[in-house]
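Residue-level listing of the chains:
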Amino acid sequence: MSPLPTSVNTLCLYGKFLSRSFKSVASIQNYISGVKTLHLLLGVEFPTEDWFSIELLFRGLSRQNHHMPRRALPITPQILFKMYELLDMSNPSDVTIWCCFLFAFFLMVRKSNLVPTSAKNFDPHKQLCRNNVIVFSDYLLVRMEWSKTIQFGNRKLELPLVKIKESPLCPYNAYNRMCTLIPADGDKPAFLIPQSKGYKTLCYSFFQKRLRDILEMCGLNSSKFSSHSFRRGGATWAFHSKVPSELIQFHGDWRSDAYKVYLEFDLHDKLSISRAMADEILN
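Keep in mind that what you see is a predicted model, and the values were worked out from it rather than measured.

Student: Please explain the overall build of the protein as it appears in this structure.
Tutor: Summing up its helical and strand segments, the protein has eleven helices and five strands in all. The dimensions of the protein, computed from C-alpha atoms along their principal axes, are 70 × 65 × 40 Å. For the protein, with 283 residues in total, the buried portion stands at 41%. For the protein, the proportion of contacts with a sequence separation of at least 24, taken over those separated by at least 6, is 64%. Separation between the mean location of the 35 positive side-chain charges and that of the 24 negative ones in the protein comes to 6 Å.

Student: Explanation requested: the packing of helix H5 (residues 92-107) against helix H7 (residues 171-181) in the structure shown.
Tutor: Any two packed helices are characterised by how steeply their axes cross, that is the angle between the axes, and by the distance between the axes. Between H5 and H7, the shortest axis-to-axis distance is 9 Å and the interhelical angle comes to 145°. The element H5 and its partner H7 pack so that their crossing is left-handed. Facing Pro92, Val95, Thr96, Trp98, Cys99, Leu102, Phe103 and Phe106 of H5, the residues of H7 in contact are Pro171, Ala174, Tyr175, Arg177, Met178 and Leu181. A per-class count over the contact of H5 with H7 returns twelve nonpolar, one polar and one charged.

Student: Explain the packing of aromatic side chains to me, please; I cannot follow it from the model alone.
Tutor: The way to describe two aromatic rings as a pair is by their centre distance and the angle between their planes. Applying the stated criterion across every chain, the model contains eleven aromatic pairs. For the pair Phe22 and Tyr31, a centre-to-centre distance of 5.1 Å together with 45° between the ring planes defines the contact as tilted. Look at Tyr31 and you get partly exposed, because its relative accessible area is 41%. Each ring, one from Phe101 and one from Phe230, has its centre 5.1 Å from the other, and the planes form 25°; the classification is stacked. Of this pair, Phe101 sits in helix H5 while Phe230 sits in helix H9 (residues 228-240), and the two are 129 residues apart along the sequence. Of the two residues, Phe101 and Phe230, both sit in the buried class. Grouping aromatic residues by their ring pairs yields a cluster made of Phe101, Tyr204, Phe207 and Phe230. Lying across the ring of Tyr204, Lys111 places its NZ or CZ 5.3 Å from the centre. The aromatic ring of Trp254 is capped on one face by Arg231, whose charged end is 3.9 Å from the ring centroid.

Student: Any chance you could explain the sheet that holds strand S1 (residues 133-135) here in plain terms?
Tutor: Where strands meet in a sheet, backbone hydrogen bonds hold them as pairs that are either parallel or antiparallel. Pairing is antiparallel across the open sheet formed by three strands, whose spatial order is S1-S2-S3. One side of each edge strand has no neighbouring strand; the edge strands of this open sheet are S1 and strand S3 (157-162). Along the sheet, successive strands turn relative to each other by an average axial angle of 20°, direction set aside. Relative to strand S2 (residues 139-144), S1 runs antiparallel, the two sharing three bridges. Along S2, the bridge assignment pairs Val133 with Val142.

Student: Mind showing me how you'd approach helix H8 (residues 204-217) here?
Tutor: In an α-helix, one turn spans 3.6 residues, which is why side chains three or four residues apart end up on the same side. Given a rise of 1.5 Å per residue, 14 residues ought to cover 20 Å, and the 20 Å separating the end C-alpha atoms of H8 matches this to within 8%. Of the residues making up H8, those classed as buried are Phe207, Gln208, Arg210, Leu211, Ile214 and Leu215. What you see down the axis of H8 is that its buried residues fit within an arc of 165°, all on one side. Away from the buried face of H8 by more than 90 degrees, exposed residues Ser205 and Lys209 are located. Among the structural elements, helix H4 (77-85), H5 and H9 are those in contact with the buried residues of H8. Just downstream of H8 lies Gly219, where phi reads positive at about 85°.

Student: Looking at this structure, I do not really get the nonpolar core. What am I missing?
Tutor: Membership of the largest hydrophobic core comes to 46 residues, with the highest contact counts inside it found for Met83, Trp98, Phe103, Phe191 and Phe230. Of all elements in the fold, only H4, H5, S2, S3, H7 and H8 reach the threshold of two or more residues within this core. Top contributing element to this core by residue count: H5, with eleven residues. Apart from residues no more than four positions distant in its own chain, Phe191 is found in contact with Thr96, Cys99, Cys100, Phe103, Leu114, Leu128, Met178, Lys200, Thr201 and Leu202. One finds Ile32, Phe46, Ile54 and Phe58 within the second-largest nonpolar core, a separate group that totals 13 residues.

Student: Explanation requested: the state of the cysteines in the structure shown.
Tutor: When the sulfur atoms of two cysteines share a covalent bond, that bond is a disulfide. If you walk through the whole model with that rule in mind, you get zero disulfides. Lacking any disulfide linkage, Cys129 is separated from the closest cysteine sulfur, that of Cys179, by 12 Å. Among the residues examined, Cys129 registers a relative accessible area of 3% and is labelled buried. Residue Cys179 stays outside any disulfide, its sulfur separated by 7.2 Å from that of Cys99, the closest cysteine. Using a relative accessible area of 21% as the deciding quantity, one classes Cys179 as partly exposed.

What counts, and at which threshold
- Residues numbered from 1 in each chain as written.
- Predicted model: local features only at pLDDT ≥ 70, side-chain atom pairs only at ≥ 80, totals over all residues.
- Heavy atoms only, no water.
- Helix = DSSP H or I, 4+ residues; strand = E, 2+ residues; numbered from the N terminus.
- Buried < 20%, exposed > 50% of the residue type's maximum accessible area, 1.4 Å probe, protein only.
- Contact = heavy atoms within 4.5 Å.
- Lys, Arg positive; Asp, Glu negative; His and termini not counted.
- Charge placed at Lys NZ, Arg CZ, Asp CG, Glu CD.
- Axes fitted to C-alpha atoms, helices over the stretch in contact; angles between N-to-C directions.
- Left-handed = near helix turned anticlockwise from the far one by under 90°.
- Nonpolar A, V, L, I, M, F, W, Y, C, P; charged D, E, K, R; others polar.
- Phe/Tyr/Trp six-rings, centres within 6.5 Å; stacked < 30°, edge-to-face > 60°.
- Lys NZ or Arg CZ within 6 Å of the ring centre and 35° of its normal.
- Pairing = 2+ DSSP bridges.
- Expected span 1.5 Å × (residues − 1).
- Arc of directions from axis to C-beta.
- Core = buried A, V, L, I, M, F, W, Y, C linked by side-chain atoms within 4.5 Å.
- Disulfide = S-S within 2.5 Å.

In structure tokens:
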């Protein structure tokens, strides 16, 4: 009996089997899509004559397995201020981690553009190098040639970081302080931390550990945050700062308006909608 081509009935049984392990119907859809891709790669006809049965399966699983995606909480400027108070700005390691935090927040950048998974996996075409950050008199210009949405060098992303005068949250001052304490050649990783002999690349594991340690010292539950919290927090803060949505999308390098699912609205924001509607009725 040949496993391919499969049948709609087999796909339905496969989907039901997967539902025992996955609560997210989107994950099940991805697996079934993988089966379709396998058929296409092997030149085997994929069953589409009764696809409505598959759609009914997805609908039924959505009703059966209620699932709300778990999203990391946003890092806010208020949290950043608390974090800053716990860091030693004379310590090169703390200065580097702080600069990386600010870049993650203000650039709304993905972690893959900031730090590698390990020192040997550092890729100068993907992660920031010192020569990717150009210092001007009152702003930094950060250049990125690769991202999740820029895979083939078809465009470059250039984002400015302006100087925030007399604020500990100034990425301009943080970067210059880091470069003073930890000088490096232009082709070296942007973020380096000291070790017994020289410096080493700041990797994601150290970034994540320091983030969680500092959040715990701030009295927060670190399990509810991740590196993505900076990206979500930056987008939310830009939205509250009245930045046009198309600029937020461009700045955060989102291909679509999917960033809107990251925005965090507090009760004050929600009340403003109700009050605006009420005022309109009175007028």
